[in-house]
Amino acid sequence: AAVPASASGVLLVDRAAIAENYRILKAAFLEKAVAAVVKADGYGLGAEQIVPSLVRAGARSFFVAQLDEALKLRPLLDRCHPAIALYVLNGLTPGTETLFADNTILPVLNSLGEIEAWSRFAQQRGTAQPAAIHLDSGMCRLGLPPDAVERLRGNPGALDGIVPTCILSHLACAEEPDNPKNAEQLAYLKQALTALPRAPVSFCNSSGIFLGRDYHFDLGRPGVALYGVNPTPAAPNPMRPVVRLLARILQIRAIDAPQTV
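Since the structure is predicted, the reported quantities are computational estimates derived from the model, not experimental observations. (Residues numbered from 1 in each chain as written. Predicted model: local features only at pLDDT ≥ 70, side-chain atom pairs only at ≥ 80, totals over all residues. Heavy atoms only, no water.)

What follows is about the packing of aromatic side chains. Throughout the structure, instances matching the rule amount to six aromatic pairs. With centroids separated by 6.3 Å and ring planes inclined at 75°, the aromatic side chains of F100 and W118 adopt a geometry described as edge-to-face. Here F100, found in helix α5 (residues 97-102), pairs with W118, found in helix α6 (residues 112-125); they are 18 residues apart in sequence, far enough to count as distant. A residue is classified by how much of its surface remains accessible, and W118, at 1% relative accessible area, is buried. (Phe/Tyr/Trp six-rings, centres within 6.5 Å; stacked < 30°, edge-to-face > 60°. Helix = DSSP H or I, 4+ residues; strand = E, 2+ residues; numbered from the N terminus. Buried < 20%, exposed > 50% of the residue type's maximum accessible area, 1.4 Å probe, protein only.)

For the rest of this paragraph, the subject is helix α7 (residues 146-154). Those residues of α7 that sit buried are A148, V149 and L152. For α7, the angular spread of buried residues about the axis comes to 105°, placing them on one side. Opposite the buried face of α7, at more than 90 degrees from it, the exposed residues are D147, R151 and G154. On its buried face, α7 sits against α6 and α8 (180-193). (Arc of directions from axis to C-beta. Contact = heavy atoms within 4.5 Å.)

For strand β8 (residues 162-168), the tally of buried residues reaches five of seven residues, placing the bulk of the element in the interior. Judged from the six bridges that link them, strand β7 (residues 129-134) and β8 form a sheet pairing that is parallel. Bridge pairing in β8 places P130 opposite V163. Each parallel crossover has a hand, and the one from β7 via α7 to β8 is right-handed. Two strands pair when backbone bridges link them, and β8 and strand β9 (residues 201-202) are joined in this way by two bridges, in the parallel orientation. Considered in β9, the bridge of L168 is made with S202. The parallel pair β8 and β9, bridged by α8, forms a crossover whose chirality is right-handed. (Pairing = 2+ DSSP bridges. Right-handed = clockwise from strand over helix to strand, strands pointing away.)

Next comes the structure, spelled out in structure tokens:
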């Protein structure tokens, strides 16, 4: 494409490389299901341009952070493939139940309050409603903390009307394979899962995929590695470079040795 005369630089995004990175991550995940995280407008690279390439590469589940992102992407995903699951990581904010349900968008339920609201909405509609349930295994960002999980264990009726399509958690230190926090989170997650109905489990972020089979479960959930960032900082980057920045040369100067710059 022509570069506008006013542009001081051009950012080139290689969508074929993003698709290849998806395939690399799926191979590392032993060819099981791998979602794609395209939050923050595809990490700033243009989700609407990136999503079709990921669908063609095989992605059938997508995660964004905000409901507005999901509402914008839903029509595009429907055009790309008839059966794409679209999740909102930030969860079910008050008053958004109808927007989620009517647009086939799945909330990631992060608290007992969100679970209660989604269950109540399902009962009002008279139909079971799908959602993901997020367990905080030690990231301490979003998700049900241990005391909330135990309350669910003692009250399985709290999930009435909810069909868990995915149970997810998030590794805090996966880019450090020798960090004991990884094994601690894995052990806690396995124990916490016994408090919930059986459903596919998603634990691995980009770096988690490279921790090995014990961490894999059912659904990989890479984000930053799709865009070329090294998920294994202690080893060579297995991902293809995605972004190239070209800057306009403003001036070339010849400077004599006594001069300062």
